[in-house]
Structure formats: structure tokens, C-alpha cells
Amino acid sequence: MRGIATVPTYVVMQPTTLCNLDCSYCYLPMRREDRRMPVEVAEAVASAVRPWSAAGRFSVVWHGGEPLAAGREHFAALLRPFGPEVEHHVQTNATLIDEAWCDFFATHDIRVSVSVDGPVARNTDRVNLAGKPAYDRIRRGIDALRGHGLPFSALCVVGRPSPGLATELYAYFLELGCDVLGVNVEELEGVNTRDNRHSAAEVTAFWAELVGAWRRDPRIHLREVEWSLRYVGAVLDGTADDVLPRRLDPIPTVAHDGSVVLLSPELAGFSDPRYGDFTSGNVLTTPLAEILAGAVGTPWIREFLDGVDACRAQCPYFGFCGGAHAANRYFEHGRFDGTVTDHCRNSKIGLLEGVLDHARDHEPTAV
Amino acid sequence: MPEIMNPRRSEPVEADPVTARVHDARDGLAALLREAEAARRDRAESIAKGDSAVCAWNHFENIPTFYNWNNRPR
């Protein structure tokens, strides 16, 4: 894997900066301000993605802020410029989901992913603007999805891996009824400066336990397990070099004002004396394809690619990982050409080692 | 799921320690991989399924967008 692809597989869109929650681990700046994306931005993006979506599967992810805080009327106006071949996804805190939103998702064929951290006691970081727990509203929103028979994915943030937690969480998500689950160990990122260092033994044991819990009832597509097994299967087949894509997906994030940040959506809204505002252009003035074609002209991206090369040269986990994420490098190291991050340790290295520990500990017995 | 039966093997000295550890766990991984494949079939991920949040296993690189491994929004 070398360089950055000029055609993405998806675009992240920020319909509003506003969020109605104030989760303590959130990385987003401006989440208390309601800066809405003008329809002209959506039109510019829709025009850019038309040839890409005609050539293959293509998605738009409506992220935030809380995307539903934009309101149905405005959201519908932002969707309107896109052709029917474009898949739409929304990542939501679920608190605003009601009957009307369920109808909206069904009408517009929007795939839904909810953010929830497990049972109520595990959601203490997810609070509203007054600091009150948000779980009851989150659960009501998810129950509305279930009541409408709408499939959904879930993202769960783990603040501190500890014995028993993985089993508890997996049982919860089985009961919740999600089709897909992603587990994110909390990251030091954006405006979240909480320490995310954990012992290697702690995180490896967490992932090993999660594999065990999943294996007992693998109804859920568990992102981390699937990716790990895909890699180890390729290693055993001798095809590990084919696991990573040939080039990095640029993952353009289009902010509310049309500005484009590549590779790491978490960088949107930040600036640095050395790197500027991390943007590579604005879709209101430059076609998105042109912005992507000139990606390496953005100074921080050149430095990031040096960092990926360093990961490739130095890290035995590179074939599994593809290199530390840009935002983790920046927010942990203050630059982009460093290598291993605590996010790597928690969510890549510890994960793979946890899967291997589980496999070694559960080898079939000879008969 | 098999119970813990085997002691850990020592790690062979190879150029790539991660690859070596994967091979060291081959037997356990093979069983896990078989179960995972069966689970995917049960979840109907190996065929296009329009009403699933997962969609199709064939679209692995673009499973609902938040699941791109190289980077992803949260």
C-alpha cells in the first residue's frame, strides 16, 4: 500500500456541527454551535461523486455533530442532489430517533449506525448539555428503530478495558439486536485529552475475551474480529500482502462549510501554526476530484505519507494495520511522521495479539 | 468453542515475529476461521442482502462506511 487513491469509496459529510450531547470523550470542536451545511455544498459533492457511484459502490456518511440535529427538512434538502445509486449512512447518537425519523430513514434508504457504550452503567460519559445521563433517550431511539424493523449497526467506546467487560458488552449488543458492532478503545484525540494508555496485558486480555464472547454466539458482524481473521487467514494462506488496499482511501470529510479534510475526519475544525487548518480545499471553489488529485500538495499529508513509510519499515504489524491513523499521530505526537501510537497499541497490536492468544488457548484437541 | 487444553508454544525466531506468531497459532486459528465462515453464511453476508446493515461480504472494503480499517470516523 503506497500513496493515496484519487477516487474514494466514500465521503463523510457534516450536515451540522451541533450535537445535543456533550460526551466527555468527544473529539469534536464546535459541537455546541449550529453551523449547518448549505445545500450548495451537497450539490457540489453530489456532482463530484456521480461518476464514482456510477462505476461502483459508493457511500456518503452523514456524521456530525449529531447529524439528526440538522432536522429532517434540511437533511432532506442535503440528500436531494444525490443520485439513487449513492448509499447513505448516518452515524447518530440515537437520542432524536422517533417514528418520524424511522420513516425518514426508510423513505430515503439510509443505513443507520448508533453510538452506545453498552448497558446504562457503561454510558456515564454520554451526557446531555446539562450533564445529565443520555442513556434513556439513546435506548428509546434504538427501540424505535427496532419497532420499525430497521437494521442498524452500533459503535461502542471502551474507556478502560477490564476483565469481564468484553463479555458484558457483547451480551448487551446481542440483546440490543445490532447487525454490526465496532468497538473503539477511547482515543486521545481532538478536544479529548484524556490519557488512553493501558497496559498491553490489559488490552490484549480484553480483545481475547471479546473473541471468546463472540465465538459463543457469532450473530453479530464484529468489526475487529472480522478484520483480524481476514488478516490471519491471509497470513496462513500466504496472501498477506494482498490484504491492504494498494493505496490509502482518502476518506474526504466535507465540513459544514464545504472545506475538505482528507484521511482523518477528526482533524476537521482544528488548526496548527505549523500545518494550518489541515484542509486541502473547499468544494465550493474546487471540484472534489481536483482536491483529491492534489492531495499530496497538502504539507501535512506529505509528512503523513513519510510516517506510513516509517511504519512499513519498522513495524511488524504493518501488514495488518496499514500504518497509524493520521489523527492519532498528530494528537499523540504533535506531528505526522512518527510511528506507533497508543491507539495502535490499544486497537491494532493488542487486538491482533488478543485474537492470537484466544486461538492458542483454544486449539482443538486431537481425537 | 474448545476449552483451554494446550500450553503456549515457544515463539520461533523469525524475521517477522507477528507472522511467526500467527503460524504458531495455526491450529487454533483454523478452527476459529471455519467457525467465522459458518457464521458469515448464517448472517447471509456472502450474498447481497439489501436490507442488512452489513450488506455483502464481498464489499468488505466498504462495509458501512464507518468500518474502513485504514481509517474511519467514529
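Refer to the preceding data block for the structure.
The structure presented is a predicted model; accordingly, all values stated were derived computationally and were not measured.

(A) Molecular detail of the overall build of chain B. A tally of helices and strands in chain B yields 2 helices and 0 strands. Looking at chain B as a whole, 35% of its 74 residues are labelled buried.

(B) The arrangement of the nonpolar core in detail. Residue and element names in this part refer to chain A. Among the nonpolar cores identified, the biggest contains 127 residues, and Met13, Val45, Ala154, Cys156, Leu181, Leu210 and Val254 are the most heavily contacted of them. When residues in this core are grouped by element, the largest group, 9 residues, is from helix α6 (residues 200-216). For Val45, the contacting residues outside a window of four places in its chain are Val11, Met13, Val254, Val283 and Leu288.

(C) Highlighting the pairing of strand β4 (residues 110-115) of chain A. Residue and element names in this part refer to chain A. Of all the 6 residues making up β4, 6 are buried; the element is thus mostly covered by neighbouring parts of the structure. Where burial is concerned, the two faces of β4 agree: the one with Ile110, Val112 and Val114 and the one with Arg111, Ser113 and Ser115 are both buried. In the sheet, strand β3 (residues 87-92) pairs with β4 via 5 bridges, with the strands oriented parallel. Residue pairing for β4: Gln91 is matched across the bridge by Ser113. You can see the chain leave β3, run along helix α3 (residues 99-108) and come back into β4, and the turn it takes is right-handed. As judged from the 4 bridges shared by β4 and strand β5 (residues 152-158), these two strands associate in the parallel manner. Each residue of the ladder has a partner; that of Ser115, found in β5, is Leu155. In the classification by handedness, the crossover that spans β4, the intervening helix α4 (residues 135-147) and the parallel β5 is right-handed.

(D) Broad picture of helix α1 (residues 17-24) of chain B. Those residues of α1(B) not exposed but buried are Val18(B), Arg21(B), Val22(B) and Asp24(B). In an axial view of α1(B), the angular spread of the buried residues amounts to 160 degrees, which keeps them on one side of the axis.

Conventions we followed
Residues numbered from 1 in each chain as written. Chains lettered and ligands numbered in written order. Predicted model: local features only at pLDDT ≥ 70, side-chain atom pairs only at ≥ 80, totals over all residues. Helix = DSSP H or I, 4+ residues; strand = E, 2+ residues; numbered from the N terminus. Buried ≥ 20, exposed ≤ 12 C-beta atoms within 10 Å, placed from the backbone. Core = buried A, V, L, I, M, F, W, Y, C linked by C-beta atoms within 7 Å. Contact = placed C-beta atoms within 7 Å. Pairing = 2+ DSSP bridges. Right-handed = clockwise from strand over helix to strand, strands pointing away. Arc of directions from axis to C-beta.

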